[in-house]
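Residue-level listing of the chains:
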Amino acid sequence: MTREEYAHMLLPNVLHDRAYYEKKYPKRNLKEGAMVTRIAPSPTGFVHIGTLYQAIVAERLAHESGGVCFLRIEDTDQKRLVVDAIDQIINSVKEYEVNFDEYPIDINHYVGDYAPYVQSKRVDIYQAFVKDLLIKDLAYPSFLTEEEKKEITEKQQKRKQRIGYYGIWASKERAMTMEEVKEKVEAGIPYVIRLKSKGSFDNKIVVNDCIKGRIEFPENDMDIVLLKSDGIPTYHFAHAVDDTLMGTTHVTRGDEWVSSLPVHVDLFNTLGFPVPHYAHLATIQKEEDGKRRKISKRKDPEANVAYYSEKGIPKEAVKIYLLTLANSNFEEWFLNNPDKNINDFYVSFDNMSTSGALFDMEKLLNISRNYLSRISAEKFYNELLSWAKIYDEEFSSDLETYKDIIIATLNIERECEKPRKDYAMFSEIKNNISYMYGEFACETYEWQKINDMDEIKNILQTYITKYYDEKDNQEDWFNKIKLLCDELGYASNMKEYKKNPENFKGNVADVSTVIRVALTGRSKTPNLYDIMLILGKEELEKRINSLS
RNA sequence: GGCCCGUUGGUGAAGUGGUUGAACACACAUGCCUUUCACGCAUGCAUUCAUGGGUUCAAAUCCCGUACGGGUCACCA
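Below you will find a few notes about this structure. (Residues numbered from 1 in each chain as written. Chains lettered and ligands numbered in written order. Predicted model: local features only at pLDDT ≥ 70, side-chain atom pairs only at ≥ 80, totals over all residues.)

**Quick notes on the sheet that holds strand 9 (residues 225-227)**
Taking strand neighbours across the sheet as the criterion, the 3 strands line up as 5-6-9 in an open arrangement whose pairing is antiparallel. Strands with a single pairing partner mark the edges of an open sheet, and in this sheet they are strand 5 (139-142) and strand 9. Averaged over all pairs of adjacent strands, the angle between their axes in this sheet comes to 45°, without regard to strand direction. The pairing of strand 6 (residues 192-195) with strand 9 spans 2 bridges and is antiparallel. The partner of I193 across the bridge, within strand 9, is L227. (Pairing = 2+ DSSP bridges. Helix = DSSP H or I, 4+ residues; strand = E, 2+ residues; numbered from the N terminus. Axes fitted to C-alpha atoms, helices over the stretch in contact; angles between N-to-C directions.)

**So, the pairing of strand 1 (residues 36-39)**
Here strand 1 shows a buried face lined by V36 and R38 and a second buried face lined by T37 and I39. Sheet topology note: the strand 1/strand 2 (residues 68-71) ladder contains 4 bridges and is parallel. Looking across to strand 2, one finds that I39 is bridged to L71. Each parallel crossover has a hand, and for strand 1 linked through helix 3 (residues 49-64) to strand 2 it is right-handed. (Buried ≥ 20, exposed ≤ 12 C-beta atoms within 10 Å, placed from the backbone. Right-handed = clockwise from strand over helix to strand, strands pointing away.)

**Section: the nonpolar core**
By size, the foremost hydrophobic cluster in this structure holds 71 residues, and its most contacted members are L52 and L322. Top element by residues in this core is helix 3. It accounts for 9 residues. With residues near it in sequence (within four places) discarded, L52 still touches V47, S92, Y96, V305 and L322. Counting 30 residues, the second-largest nonpolar core is a separate cluster that includes I125, W169, I193 and L271. (Core = buried A, V, L, I, M, F, W, Y, C linked by C-beta atoms within 7 Å. Contact = placed C-beta atoms within 7 Å.)

**Let's talk about the packing of helix 3 against helix 12 (residues 315-326)**
Viewed as axis vectors pointing N to C, helix 3 and helix 12 meet at an angle of 75°, and their least axial separation amounts to 10 Å. Taken together, the axis directions place helix 3 and helix 12 in an arrangement best described as roughly perpendicular. Contact with helix 3, carried on its side by L52, Y53, I56 and V57, involves K319, L322, L323, L325 and A326 of helix 12 and no other residues of that element. Within the contact of helix 3 with helix 12, the residues separate by chemical class into 8 nonpolar, no polar and 1 charged. (Parallel < 35°, antiparallel > 145°, perpendicular 65-115°, else oblique. Nonpolar A, V, L, I, M, F, W, Y, C, P; charged D, E, K, R; others polar.)

**Structural notes on the protein's contact with RNA strand B**
Around RNA strand B, 62 residues are found, and the nearest of them are S42, E74, S328, S353 and A357. Looking at the surface near RNA strand B, the elements that each hand over two or more residues are strand 8 (213-218), strand 13 (291-294), helix 12, helix 13 (330-336), helix 14 (361-374), helix 20 (474-488), helix 22 (508-520) and helix 23 (528-535). Of the residues assigned to the surface near RNA strand B, the class counts are 19 nonpolar, 20 polar and 23 charged. (Near = placed C-beta within 6 Å.)

**Observations concerning the packing of helix 19 (residues 453-467) against helix 22**
For any two helices packed against each other, the geometry is given by the interaxial angle and the distance between the axes. It is the contact of helix 19 with helix 22, at a shortest axis distance of 10 Å, that shows an interaxial angle of 85°. Comparing their axes, helix 22 and helix 19 come out roughly perpendicular. Seen from helix 19, the contacting residues are I456, I459, L460 and Y463; seen from helix 22, they are V511, V514, I515 and A518. In terms of residue class, the contact of helix 19 with helix 22 is built from 8 nonpolar, no polar and no charged.

Laid out in structure tokens, this is it:
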């Protein structure tokens, strides 16, 4: 039996050989310094905030260098595969406007010359490369059962040796002859294909990570699995093949991968591939019981990008927050260039943190408040409406019915030098503006200092019949309230009130609060003058008269 | 346990041997402004850079040890 026949026996269904694929996917023709990056999520459930984070970084790095960024779905683990997960990833990326040059449209359709961009559709490619390794005696089949592997691990633990399949532990299967292998294959015993590592634990390798700098490791000597028993590759092998064929220059990924660097270097070397640059991004963390840990899909709702959509935190705010985590100088840049597109910021490896940041919801909401305070009322309304259409149907129909009133409301103290910063999330807006439209029904009024009903009615009736005039400008409007105060024994001048509070029943602020609460049902609102203008005198009278 | 990595305030961080009072932002506190709230403004918030020991005229910045924290050791990615 020749080695070719041997390899064919192990992998009988391979359509093409290595040379075919190397020709099919030629080198990219890009200018010097152009980076090819990628984001390679696995469809195991919801889209993780860390995936979005990495996507934004990868996309920026590629495009600011005149390079290419692509999306590749890593679905080599069928056990963890979740049905809609691929669509979710593609949709999220679209929603957040991360501009990939090459990507899957769905599992069978792709944009880009290096397709398919879904690993489960590339099985023949991986097998072609494994076959080549088999022929070169750089890989071998392994028939180990779960129990046998467990036994090895236990022995290693007992002897306090390194755990893994290497050296003497692998020597028995490494030494199998082609005939022995043939017997087992014909007997139908399942097998995986392992790397025949030439490395030694005593040698050192060095990787210069773009973010973490120089890292030294012992060389890999593990005969890791290349192809699982179902013929599908492991992450490690798929990574080496795909990122080579697809021309990735910089592998950006989470730093949970740092420790497998020796394996990857070994793989690239034995495959005869140049080792790409690596950039391991620190993961976003959470604190629990005083301890930090990676933000978790199971425990932390904010790990899911859908969480931000549901809450109605604008996409732009999330991106800004992620960029402040990515580059320490972003925040200052953004402060100085509030009107620029965030894509004008130059993301660089130099300003990336080497250790993971704690997720800070307060900071995100602050960013969101700032963002929402700066956009026009129309834009705000449109974003709010498209949010409500998905997450709050009732509110969305109100938004459409009372469009003009709502835009006017959102516009109060906006588009001025110091805009209000009332809103951080679309989900909290309904409660904040509901008194402005529709049937006003207030169950409990939050009266403040003045809470005697007769006095309250007296103030309101006097005000609405004698003083309020819709034609007044804001200054006149406030002067009228002062006149009202003078008439009823309240201080119209705060300084005088502070000097001699005992001379007055209260002050302008107290009186204004009565009016505010009566008209809106709450003590905290935007500028009352604007609110009253929007509501209109008829509605104001109605609300005042409905008080009992 | 082995192998990697990290440690500046409540949080994100600037800082890479000698003009740092240890920037800036969020949060917090107080005050001012004010028709409420928010905004804005002002002030405060690490006498000290996990810790012990070096090197040096000089260290948050360089070296070694210790502690603590994180990652990883799968036919998961």
